[in-house]
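Coordinate analysis (summary)
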Amino acid sequence: MNHLGFELQPLKIASFDFTCCEGCQLQLANRESTLPEFLALVDIRNFREISSERHDDYDIALVEGSITRSDEIERLKTIRARAKMLVAFGTCACFGGVNSLKNRMPQEAVIREVYDGKAIETMPSMRIGDIVEVDYGIPGCPVSKEEVERIVVSLVSRSPVTLPTYPVCVECKQRLNTCLFDLGEICLGPVTRAGCDAVCPTGNTACLGCRGPAEEINFPAFAQLVRDKELSMADMREKLAFYNGFGDYLEEET
Amino acid sequence: MKRKLDFDIDLHHLPRVEGHGNIRISVRDGRLAEATWAVVETPRFFEAIVKGMSAERVPFLTSRICGICSISHSLASIRALERAMEITPPETALTIRLLAMHGETLQSHALHLFFLAAPDFLDAPSALPIMQSHPEIVRAGLQLKELGNEISTVTTGRCTHPVSLVLGGVSKAPSRELLLRLKTMIAERLPALERTTEFFSTLTIPQFVRETEFISLRNGSAYPSIGGDLVSTDGVVRDEEDYLRMTNEYLVAFSTSKFTKVTRQSSAAGALARFNNNFGLLHPRARAAAAAFGLEPVCHNPFMNNVAQLVECHHIMEDAAMLVDRLLDADLLDIRTAFKPKAGSATGAVEAPRGILYHHLETDDEGKVVKADCIIPTTQNNANIHYDLHALAEQALAEGRNEAETEKLCVILVRSYDPCISCSVH
Amino acid sequence: MIYKVISKPEFISFIDAIVKANNAYGPRQVDTGRRGEPIYQFMPVTSAGEIAFDYTATHSSAKHLFLPFRDELSKFSFTDGNWEQEVRYDAPPIVLIGLRPCDINAVNILDDVMLRGPYPSPYYLARRRNTFIIGMDHLPLADCFCKSMNRHTVNHGFNLFCSDIGDRYYLSINSANAFGFLKEFRLEEPSYEDNCNLIERRKMIKHSFTTNIEVTGLPVFLDIEFDSPIWQKWGDKCLSCGSCAMVCPTCYCYSVEERFDIDLKGSTRQNHLYSCNLVDFAQVAGGHNFRPKNGDRLKYRYYHHYRGFAANDNQQICVGCNRCGRACLAGINPKDVINDLRLERESCMTCVSTSPDRT
Amino acid sequence: MHDLRFNIPGQDLNLEPFALRAPDFQKKCEVMITDRGYKCRITNIVPLSGQERLFLLRIVDPLERELFNFRPGQFLMLEVPGYGEAPISISSSTSNHEFIELCIRRAGHVTSALFEAKQGAIVSIRGPFGTAFPMEQMKGRNVLMVAGGLGIAPMRAPLFWIGNHRDWYRDVRLLYGAKEPSQLLFSYQFEEWQKVSNVKLHTIVENPDGSWRGRSGMITTLFDEFTFDPEETWAIVCGPPAMFKFVCNYLDLKGIPMNRMFVSLERRMHCGMGKCCRCMVGSTFTCLDGPVFDYWSVMNLKEAI
Ligand SMILES: Cc1cc2nc3c(=O)[nH]c(=O)nc-3n(C[C@H](O)[C@H](O)[C@H](O)COP(=O)(O)OP(=O)(O)OC[C@H]3O[C@@H](n4cnc5c(N)ncnc54)[C@H](O)[C@@H]3O)c2cc1C
Ligand code: SF4
Ligand code: SF4
Ligand code: SF4
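Please read these numbers as outputs of a predicted model, since none were measured by experiment.

**As for the overall build of chain C**
Of regular secondary structure, chain C possesses 11 helices and 11 strands. Here the C-alpha radius of gyration of chain C, 22 Å, is about what a compact globule of 359 residues would show, namely 21 Å. Looking at chain C as a whole, 63% of its 359 residues are labelled buried. Taking all contacts inside chain C whose residues are at least 6 apart in sequence as the whole, residues at least 24 apart take part in 72%. Accessible area for chain C stands at about 13700 Å²; split by element, carbon and sulfur atoms hold 50% of it. Here chain C carries 41 positive and 42 negative side-chain charges, and the mean point of each set is 2 Å from the other.

Given below as structure tokens:
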């Protein structure tokens, strides 16, 4: 359609997955009520999970998952070379996600635990940005389809892509939730980037920080608050480590 | 004179399945030389990373094993841990969980039937062209999928990776308003299911039979969902805790996912297995739908798994409406039992959309997990897929099919199992 | 204003009738806190039985019923190369039950901000006009300080106000509709004794305040203390989480966002409640942030509340409900911050900023 | 079941004092300012530099075109449908009812969209908003204008004004500085300003390149090129915040009273109507009490510069 004198063109998009649960890709097929409109915004060039058609020309590559094997590095580099824009799609891609929990242990021990010594290749989980340049990150475990829709619309309309800068508490309060700290639990809402509409606290469970840190968070104040409320620091650390979004702050803290 | 056939089929990263798997078939001189199903997914080592984690956080971790059946994983862990630590959740919470399972299965079946399987039968590369050619069918499919997602969202807070399924019950009950909305939504979407059934009855399901053993849960009173005895069509009945003898996992060289077996060379789990073992517990409407397809227990044609899924959708719609009614009468405040962490070990078995799923977890006094074992439905199907491929390729050759036809049949076969590969390599 | 007295059971049937005939909101218990205390919120109610008449205070204010957290301002629909704009102000009527005097004062303050001045907000006016407010007095909580702000009593801005005088409510009827509705119920003229009870009740409320903040002269004082190190001290604690502004009955600062509809055939302009504590509140395109530090932003919230902005004739807009103090995880609350400022002022006489040649 | 007698019809409370002030929904202009704008066509786009362009807008409706009046220094809220609104100074002559000129730098959502837009596109404007330079009060005096970078945008309206009322003023001088020669915008008008409007122009750049013949350095160094009588001179200063400080301090030292120096402030803005509070400086709204402030007020505003 011609708007303001220019045409809004569908994005040539491709979706790839690496080490992950593929839940983020699955979100692309969710929000069924707007799915036809959403699909009209994109020209799907490559999306193995739902289509057997494969084309190598695409402008935007959505890359889901983290990197844990050498063949994945090569595949990722090829994608980077082909894509005009590479989007780290979901928490695993942006921060390493739950896969990173295995980085705490020697990889041999990890393999022994699951595969009984069979020769299985794996390496510490890496985020997409550790290997190639990432143009945008869309965090979330899983990503929020609403946010993805908004971002795709921004790209189609040639607008800058932005994420909320403020923490989850803003959205949580707007949903009139009872704060989990008032119920005696540690919630990462005060330090985590909003955009998920505070789904976890709304379901009465603590935010585990899947969207990574909000802009310029006050981490010392957050740790102090956990201490002041006499909540468990170990619990706080377990939560901060869950999605690997707070690595830098955890180091600072200990 | 007939020419001797020579060909290799090497399908790397089979599309339209969840995760990464390869099909390899080679034919030499018209004879089948190799037929393999190899899973090449990168493993994620969940059993290792869950160690040391607090029990109450575990369901949130294990749900990340799979993006499609996250509710099943979450509930398998919850069941294992609740049994290990002797926690009895309130009745309302159990009902909410059952409803959540229905939502997930409906969503998963709809996704499989419309997005993954249907294109095969219509010779399309994906569901996208079908949206143009059969818009009303796709609309019906989307309506069912949306309903599945809505049930999951209302019951667990989010359709993928549930937020309110917790040890001891659920952390938040759906509001009455949402339940009432769900009720109308279910009623409104029954016609979509009818339309879907009509559509699938026009498709030709390939004829192929390889006798195998079907495994599922059975609890005697209701179509299986969460917990129960482990049973097989060969007459095996075992306790939930005895899951290891129901799986007998072993490693094969060409696959990162393990293989399993019970009494035979291989066994199968999933919608068809549940159907074969629990036909009598299906809602009459579901049974009628099965009859319309000529599906009756015990069916050994793996392609009929698609139909079994459709039959289950009928059952789910009826049962979900009943569960919603039950919740509307229930005490929505009594949803969570407090508990103290304690040492123990137990198994949680649930019927995920693709079949029986086991989590076995062991905790210490502080409620930290010390040992974990997860056996995934697709793992239990891998061996069956592998041997089915072999038999199907043989049959295709015997019927004089060419390379393209053989490849197509094999692909449809694998997809009929609706494999969830990333899940199987967790 | 007309004064009447009504028995409590009769009052409940009145509320029940009005709740059943309208979209109504009232205090409901939504949770039980860590120490077993009930947690209340203004929630939709469908019968009088759902309303917690004896509630203490709601966690969030009722502000969002007048200024929704997200509000649609206008819609554009695009046609090839052109567009049309649609603006709608209509708001369905609602009944709001159980507002405290401070909450009603807060609405009156919002009236000032939103409806006075050169550009009255039609969106706010539509909602305000269509809201039927039933106020109720209560004994202050330990941390309420509305008396210090002189907002513990209210005499306008509601349709009906109820004071609890034992077994009956003393009603102040402030609108024709309210009076019309009440005619259907058994009302009594206030007796001499009722009047005494009302006075007693008022006195008791007035004397029950345990938290007091010295706010006289605060505006000038805040100007003087603009560069005080106190702001940095409290700022260091602040998480910039915006919770305080979300629950506050008078925080109204907002952002405007516009988005394309998913079919690209139109767009929607929305406003979105913001908070001056959020990190990019004063950040402009290009990245410059006029208030980069937590302390700068926190100060602005206090500045707005206790000094007042021009839109409100530089009146204080805090009503003393202390919702922000309760919601703040970092333990920042008006009483402590203001006392700290005053203390600091007394101990150090030299930190007066020396305008105009500040560098 | 529901007793209709208790249905609230709304508008019950006596809000008359407010209602009187509330916008008259029938009256076009008032409604426009709060939520709806004047439709404008972009009739021309002139590239000024890599980052800045001049947009010529023409109000579509002839009646509205006639109605739209503003004073030099005021701004408007420019709506690019689909993208949002941004405050932009009006950079054209107050007497020009045919076109509104906006000089815009590409910065974020709204401005980028405008840079994508093609000639002929339709946008909308609300306004004018804010305070203006007191051109009438300056009558009979010298006017000293100091513009840095994009500060020339709000300066053009007073420049045009002076051109139109040249006999009102005595000596008029414009000091104009930029980072690089290419960022001295409107150089094609320099001659016109000097010859037709009789404005004495001094330019300077911070980082000269090979082709630059003029002076280089900070804008304040231009003050050595001339003298002025502080008693008789009024000043207008527009530019980045750092520049205000230096220039105004200098003028202050030279003896121009603080209340005769005018600056145009910039803050984040979302409504333009004194509601969103994004543009607060101290307790003052940049959108209502500004953007034009005299320097005395600015010095008394907290955090103004
Ligand atoms: C009184 C006034 C006059 C101005 N005149 C001009 C002018 O003539 N030419 C010009 O190029 N720029 C001018 N600006 C700056 C211009 O408003 C911003 O560059 C513009 O708002 C950026 O909007 P955006 O949507 O492109 O950026 P984004 O970064 O996407 O900003 C989002 C929103 O934040 C607000 N915002 C962001 N930055 C600013 C800012 N600097 N000032 C005010 N609001 C902001 C706007 O509401 C904007 O829509 C003026 C600003 C003010 C306050
Ligand atoms: S529950 Fe979490 S997100 Fe919500 S207000 Fe509390 S800390 Fe913030
Ligand atoms: S609340 Fe926290 S953990 Fe939950 S989705 Fe949002 S950011 Fe992720
Ligand atoms: S004052 Fe408290 S509630 Fe407000 S932003 Fe800071 S930490 Fe959050």
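So, next bit.
**Quick notes on the site of ligand 1**
Around ligand 1 there are 24 residues in total, and E85(D), P87(D), T111(D), E266(D) and M269(D) lie nearest to it. Residue neighbours of ligand 1 fall on chains C and D, so the site bridges chains. Between ligand 1 and E85(D) there is a distance of 2.6 Å, counted from an oxygen atom to a backbone nitrogen or oxygen. The separation between an oxygen atom of ligand 1 and a polar main-chain atom of V110(D) is 2.9 Å. Burial of ligand 1 by the surrounding chains reaches 90%, relative to a free accessible area of 820 Å². Secondary-structure elements contributing two or more residues to the shell around ligand 1 are β4 (84–89), β5 (100–105) and α4 (109–116) of chain D. Counted by class, the shell around ligand 1 contains 14 nonpolar, 5 polar and 5 charged residues. Looking at which domains feed residues into the shell around ligand 1, each of domain 1 (38–129) and domain 2 (142–299) of chain D gives three or more.

**As for the interface of chain B and chain A**
If you look at the interface, chain B gives 65 residues, while chain A gives 54 residues. A buried area of about 5000 Å², summed over both sides, lies between chain B and chain A, and 59% of it is on carbon and sulfur atoms. Considering only the side of chain B, the residues that lose the most area to chain A are T42(B), F45(B) and R57(B), jointly responsible for 13% of the buried surface there. Between E238(A) and R57(B) there is a salt bridge, with its nearest N and O atoms 2.7 Å apart. Run the count over chain B and chain A and you get 20 residue pairs in polar contact (both at pLDDT 80 or more). When contributions to the side of chain B that touches chain A are tallied by element, the ones reaching two or more residues are α1 (46–49), α2 (58–62), α4 (91–121), α5 (127–133) and α6 (135–156) of chain B.

**Details of the site of ligand 3**
Surrounding ligand 3, one finds T192(A), C196(A), V199(A), C200(A), P201(A), C207(A), L208(A), G209(A), C210(A), R211(A) and R158(B). Nearby residues around ligand 3 are contributed by chains A and B. For the shell around ligand 3, the residue count by class is 7 nonpolar, 2 polar and 2 charged.

**Observations regarding the domain arrangement of chain D**
All names here are of chain D. Along its sequence, chain D is carved into domain 1 (38–129) and domain 2 (142–299). Relative placement of domain 1 and domain 2: their C-alpha centres are 21 Å apart. Domain 1 puts 23 residues into the contact, and the matching count from domain 2 is 21 residues. At the boundary of domain 1 and domain 2, one finds 1 salt bridge. The residue E101 makes a salt bridge to R156 at a minimum N-O spacing of 2.8 Å. Linking domain 1 with domain 2 are 6 residue pairs in polar contact (both at pLDDT 80 or more), by the criterion used here.

**Considering the interface of chain D and chain C**
How big an interface is tends to be reported as the loss of accessible area on association of its parts. Listed by partner, the interface residues are 63 residues for chain D and 83 residues for chain C. Summing the contributions of chain D and of chain C, the shared interface buries around 6300 Å²; its carbon and sulfur component is 58%. Across the chain D-chain C interface, the total number found is 3 salt bridges. Ionic pairing is found between E84(C) and K39(D), a salt bridge with its closest N-O pair at 3.1 Å.

**A word on the nonpolar core**
In this structure, I25(B), L295(B), L57(D), L78(D) and I125(D) are the most contacted members of the largest nonpolar core, which totals 200 residues. Looking at this core element by element, the count peaks at 15 residues for α4(B). Each residue touching L295(B), except ones within four places of it in the same chain, is listed here: L272(B), F275(B), A290(B), M304(B), V307(B), A308(B) and V311(B). Counting residues in hydrophobic clusters, the runner-up holds 92 residues, among them L67(C), V154(C), I205(C) and F129(D).

**Focus on the sheet that holds strand β2 (residues 21–28) of chain B**
Residue and element names in this part refer to chain B. Pairing within the open sheet is antiparallel, and its 3 strands lie in the order β1-β2-β3. Each end of this open sheet is capped by a strand with a single partner; those strands are β1 (7–11) and β3 (31–39). The average undirected angle you get between the axes of adjacent strands in this sheet is 5°. In the packing of helix α13 (residues 377–398) onto the sheet, contacts are made with β1, β2 and β3, and the angle to β3 comes to roughly 155°.

**Examining the environment of A178(D)**
All names here are of chain D. With respect to the element layout, A178 can be found in strand β8 (residues 172–178). For A178, a relative accessible area of 8% puts it in the buried group. Taking the C-alpha atoms as reference, A178 lies 33 Å from Y38; in sequence the two are 140 residues apart. With sequence-adjacent residues up to four places away left out, A178 is seen in contact with G149, Q183, L184, I204, V205 and E206.

Reading guide: rules and limits
- Going along each chain's sequence as written, the residues are numbered from 1 onward.
- Chain letters start at A and ligand numbers start at 1, both assigned in the order the entries are written.
- Local features are withheld for residues below a pLDDT of 70 in this predicted model, meaning they are given only at 70 or higher, and side-chain atom pairs are given and counted only at 80 or more; totals for whole chains, interfaces and linings count all residues.
- Only hydrogens and water are set aside; all other atoms, that is, all heavy atoms of the structure, feed into the side-chain values.
- Counting from the N terminus, the helices are DSSP H or I runs at least four residues long and the strands are E runs at least two residues long.
- Based on C-alpha atoms, the radius of gyration is set beside the globule rule, defined as 2.2 Å times the residue count to the power 0.38.
- Exposure classes here rest on a 1.4 Å probe applied to the protein chains alone. A residue is buried below 20% of its type maximum, exposed above 50%, and partly exposed in between.
- Note on contacts: a residue pair qualifies if any of its non-hydrogen atoms lie within 4.5 Å across the two residues.
- Accessibility throughout is a Shrake-Rupley quantity obtained with a 1.4 Å probe, and a residue counts as covered only by protein chains that appear here.
- Charge convention: Lys and Arg are scored as positive, Asp and Glu as negative, and His as well as the terminal groups of each chain are ignored.
- In this description, the location of a charge corresponds to atom NZ of lysine, CZ of arginine, CG of aspartate or CD of glutamate.
- By convention in these notes, a residue is near a molecule or strand provided one of its non-hydrogen atoms lies within 4 Å of it.
- Within 3.5 Å is the distance limit for a polar contact, defined as a pair of N or O atoms, with the added protein rule that one can donate a hydrogen and the other accept it, and that residues adjacent in sequence qualify only through two side-chain atoms.
- Note on residue classes: Ala, Val, Leu, Ile, Met, Phe, Trp, Tyr, Cys and Pro are nonpolar, Asp, Glu, Lys and Arg are charged, and everything else, Gly too, is polar.
- Note: domain ranges come from an automatic or database domain assignment.
- Joining two parts hides part of their accessible area as seen by a 1.4 Å probe, and the buried area is that hidden amount summed over both.
- Think of a salt bridge as a Lys or Arg side-chain nitrogen and an Asp or Glu carboxyl oxygen that are within 4 Å of each other.
- Here, nonpolar core means buried Ala, Val, Leu, Ile, Met, Phe, Trp, Tyr and Cys residues that are tied together by side-chain atoms lying within 4.5 Å of each other.
- Strands pair, by our definition, only if DSSP identifies at least two bridges between them.
- Fitting a line to C-alpha atoms yields each axis, with helices limited to the stretch in contact; the angle taken between N-to-C directions then spans 0 to 180 degrees.

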